[in-house]
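Summary of the model geometry
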Amino acid sequence: MSRLANPEFMRRAIALATQNADTGGGGPFAAVVVRQGQIVGEGVNTVTTAHDPTAHGEVNAIRAACDALGTFTLTGCELYTSCQPCPMCLAACYWARLDAIYYGSSAADAARAGFDDAFLYEEFRKEQPARALPATQLLGDEAWASFAAWIASANKIKY
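Parameters at a glance
Position labels on residues start from 1 in each chain and follow its written sequence. Local features in a predicted model are, by the rule used here, given only for residues with pLDDT of at least 70; side-chain atom pairs are given and counted only at 80 or more, and totals for whole chains, interfaces and linings are based on all residues. With hydrogens and water stripped out, all remaining heavy atoms of the structure feed into the side-chain values. Computed over the protein atoms alone on a 1 Å grid, cavities are sets of points where a 1.4 Å probe fits but cannot get out and pockets are open sets with protein on both sides within 12 Å along at least five of seven lines; a residue lines them when it has an atom within 4 Å of a point. Grid points are joined across faces, edges and corners, and a volume is the space filled by probe spheres set on the points. Side-chain classes are defined by residue name, with Ala, Val, Leu, Ile, Met, Phe, Trp, Tyr, Cys and Pro counting as nonpolar, Asp, Glu, Lys and Arg as charged, and the others, Gly among them, as polar. The term nonpolar core refers to a set of buried residues drawn from Ala, Val, Leu, Ile, Met, Phe, Trp, Tyr and Cys, joined through side-chain atoms within 4.5 Å. Throughout this description, buried means an accessible area under 20% of the type-specific maximum (1.4 Å probe, protein chains only), exposed means over 50%, and partly exposed covers the range between. Each helix corresponds to a stretch of at least 4 residues labelled H or I by DSSP, and each strand to a stretch of at least 2 residues labelled E; elements are numbered beginning at the N terminus. Contacts are residue-level and defined by heavy atoms, with any inter-residue pair within 4.5 Å sufficient. The definition used for a disulfide is geometric: two cysteine sulfur atoms within 2.5 Å. In short, DSSP must find at least two bridges between two strands for them to pair. Axis lines are fitted to C-alpha atoms, over the contacting stretch for helices. Their N-to-C directions set the angle, which ranges from 0 to 180 degrees.

**Side note on the layout of surface pockets**
Roughly 260 Å³ of volume is contained in the largest pocket. Residue lining of the largest pocket: 16 residues in total, with F29, N45, H56, C86 and F115 positioned closest to the centre. A breakdown of the residues in the lining of the largest pocket according to their chemical character gives 8 nonpolar, 6 polar and 2 charged. A volume near 170 Å³ is recorded for the second largest pocket. A17, P28, S82, C83 and S105 are the residues nearest the centre of the second largest pocket, which is lined by 14 residues in total.

**Digging into the nonpolar core**
One finds V33, I62, L74, L79 and L98 to be the most contacted residues of the largest nonpolar core, which totals 13 residues. Only β1 (30-35), α3 (57-69), β3 (77-83) and α4 (87-96) provide two or more residues apiece to this core. For this core, the element with the most residues is α3, which contributes 4 residues. If we skip the residues at most four places from it in the chain, L74 touches V33, I62, A65, C66, L69, A96, R97 and L98. Counting 10 residues, the second-largest nonpolar core is a separate cluster that includes F9, M10, L16 and V32.

**As for the state of the cysteines**
In the structure shown here, the tally under the stated rule is 0 disulfides. Distance from the sulfur of C66, which forms no disulfide, to the nearest cysteine sulfur (C77) is 8.0 Å.

**Some points on the sheet that holds β3**
A sheet is described by the order of its strands in space; here 4 strands give the open sequence β2-β1-β3-β4, paired in mixed fashion. Either end of the sheet is taken by a strand with one partner, and the two such strands are β2 (38-44) and β4 (100-105). Taken over all neighbouring pairs, the strand axes of this sheet differ in orientation by 15° on average, direction set aside. Pairing of β3 with β4 involves 5 bridges; the strand directions are parallel. Bridge assignment links E78 to a residue of β4, and that residue is A100. Packing against the sheet, α3 makes contact with β1, β2 and β3, and its axis sits at approximately 140° to β2.

The structure is reproduced here in structure tokens:
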């Protein structure tokens, strides 16, 4: 259940993002995950320092919160992020099952600073064959074996 937004949590995300930009730790992005009025995970953008294109502030905060809480779902939590999430981070928020997202700067603000996600949004609207990154199914019938094993497994943890 989402609570009313708390500006202090947004200020923390903004401060982390600004510090990250000032120190050269990574891009000017950061996020905090909050549960029951307490920060349970923080993350800053470490794409360049970790050599990891997925190490965005939101993803790092989600990972930290999941680790701290010992779970892979963040139902009951909210994300405060210094900037509107990119498509990857927005998908991560859905997968984490967060209750709410609060963001500071907009995607348009990020674009003005050189972080433009418009290309990604345009690509996602296209049919697969028209996209810039080719993707071709290979060994689909053989790959189904993994799903068959999942369906049959008594050890699976549904998510």
